[in-house]
Amino acid sequence: MASGGDLALTILGFLNERPMHGYELKARIAALSGHLRPVSDGALYPAISRLESAALVERHEEAGAAAARRHVLTLTPAGREELLDRLRRPADLQISDQARFFVLLTFLSALPDPADRAAVLRRRLDFLEAPASFFYEGGRPTRAEDEADPYRKGMLLIARAMSRAEKEWLREQLAGLPAGAR
């Protein structure tokens, strides 16, 4: 995970689904984004401790499958409110960075108000609809059709296809929400 904020959101989001022990939480985080941004024990357990210190997460012991007892993490009511607040008001980087936006999407269903979910989706759609490129010429975004380098052209074509697919999906989701939420 790239930042502590992303990791905290992920921890809160998974614990909102159900209590779990640290090893299971780490496995869920790795399944979500480990191939892109692996999380180490040196990042995960201090993040859990910070959330405990802030009274957002509680830890208690349970009997393990074998003789060893294990620590189980539970989201507190304050932790749930923190999660919902982070989902309602994500930072700009959580909207513009695809991997971070996918973390938001993972837990967006936790927001009970469709209008709050729609606001997040609209922010992402607005971001994707703004002209952008990896490369610029004369202050203007370079189009794939104008790029001579085959690898840079490939980047632009792949990004364009992904952007089109994501914008289509976002528009479908927004259209499917109740009229007052859009």
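All of these numbers come straight from a predicted model, not from anything done at the bench.

Caption draft 1: Structural context of the nonpolar core. One finds Ile 11, Leu 25, Ile 29, Leu 44 and Leu 87 to be the most contacted residues of the largest nonpolar core, which totals 39 residues. When residues in this core are grouped by element, the largest group, seven residues, is from helix H1 (residues 4–17). When sequence neighbours within four positions are dropped, the list of residues in contact with Leu 44 reads Leu 7, Ile 11, Gly 22, Leu 25, Lys 26, Ile 29 and Val 39.

Caption draft 2: Structural view of the sheet that holds strand E3 (residues 69–75). Taken together, the three strands give an open sheet; going across it, the order is E1-E3-E2, and neighbouring strands pair in antiparallel fashion. Looking along the sheet, the strands with just one partner apiece sit at the ends: strand E1 (20–21) and strand E2 (57–63). Both E2 and E3 contribute to a ladder of seven bridges, which runs antiparallel. Across the sheet, His 60 pairs through a bridge with Val 72, a residue of E3. In this fold helix H3 (residues 41–53) packs onto E2 and E3, with an angle of close to 110° to the strand it touches most, E2.

Caption draft 3: Broad picture of unusual backbone geometry. With a phi close to 60°, Ala 55 is a non-glycine residue in the positive phi region. Mapped onto the secondary structure, Ala 55 falls in the loop between H3 and E2. What makes Ala 55 partly exposed here is its relative accessible area of 43%.

Caption draft 4: Spatial organisation of the packing of helix H6 (residues 98–107) against helix H8 (residues 150–175). Axis separation between H6 and H8 bottoms out at 14 Å; the angle between their running directions is 25°. In this view, H6 runs roughly parallel relative to H8, as classed from their interaxial angle. Helix-helix and strand crossings are classified by hand; for H6 and H8 the assignment is left-handed. Of the residues in H8, those in contact with Gln 98, Phe 101 and Leu 105 of H6 are Met 162, Glu 166, Trp 169 and Leu 170. Its residues assigned to classes, the contact of H6 with H8 comprises five nonpolar, one polar and one charged.

Caption draft 5: The packing of H6 against helix H7 (residues 114–129), seen in detail. Contact geometry for H6 and H7: axes closest at 12 Å, N-to-C directions at 165°. Looking at the two axes, H6 sits roughly antiparallel to H7. The way H6 lies across H7 gives a crossing that is left-handed. In this structure, H6 contributes Gln 98, Phe 101, Leu 104 and Leu 105 to the contact, and H7 contributes Val 120, Leu 121 and Arg 124. In terms of residue class, the contact of H6 with H7 is made up of five nonpolar, one polar and one charged.

Caption draft 6: Up close: the pairing of E3. By the bridge criterion, two bridges tie E1 to E3 in an arrangement that is antiparallel. Within E3, the position partnered with His 21 by the bridge is Val 72.

Caption draft 7: Structural detail: the pattern of salt bridges. Applying the stated criterion to the full structure yields 13 salt bridges. In this structure, Lys 26 engages Asp 41 in a salt bridge whose closest nitrogen and oxygen atoms are separated by 2.7 Å. On the criterion of sequence distance, the pair formed by Lys 26 in helix H2 (residues 22–34) and Asp 41 in helix H3 is long-range, its members being 15 residues apart. Residue Glu 145 pairs with Arg 160 through a salt bridge whose shortest N-O separation is 2.8 Å. A residue pair is termed long-range when its members are at least 10 positions apart, and Glu 145 in the loop between strand E5 (140–141) and H8 and Arg 160 in helix H8 qualify at 15 residues.

Caption draft 8: Structural context of the packing of aromatic side chains. Enumeration according to the criterion identifies two aromatic pairs in this entry. Between Phe 14 and Phe 107, the ring centres sit 5.0 Å apart and the planes meet at 90°, which makes this aromatic pair edge-to-face. Taken together, the positions of Phe 14 in helix H1 and Phe 107 in helix H6 put the pair 93 residues apart, joining distant regions of the chain. By relative accessible area, Phe 14 is classed as buried at 5%. A relative accessible area of 3% means that Phe 107 is categorised as buried. Taking the centre distance of 6.3 Å and the plane angle of 55° together, the rings of Phe 134 and Phe 135 count as tilted. Residue classification places Phe 135 among the buried positions, given a relative accessible area of 17%.

Conventions we followed
- Residues numbered from 1 in each chain as written.
- Predicted model: local features only at pLDDT ≥ 70, side-chain atom pairs only at ≥ 80, totals over all residues.
- Heavy atoms only, no water.
- Core = buried A, V, L, I, M, F, W, Y, C linked by side-chain atoms within 4.5 Å.
- Buried < 20%, exposed > 50% of the residue type's maximum accessible area, 1.4 Å probe, protein only.
- Helix = DSSP H or I, 4+ residues; strand = E, 2+ residues; numbered from the N terminus.
- Contact = heavy atoms within 4.5 Å.
- Pairing = 2+ DSSP bridges.
- Axes fitted to C-alpha atoms, helices over the stretch in contact; angles between N-to-C directions.
- Parallel < 35°, antiparallel > 145°, perpendicular 65-115°, else oblique.
- Left-handed = near helix turned anticlockwise from the far one by under 90°.
- Nonpolar A, V, L, I, M, F, W, Y, C, P; charged D, E, K, R; others polar.
- Salt bridge = Lys/Arg side-chain N within 4 Å of Asp/Glu carboxyl O.
- Phe/Tyr/Trp six-rings, centres within 6.5 Å; stacked < 30°, edge-to-face > 60°.

Distances and angles like these do not, on their own, reveal function.
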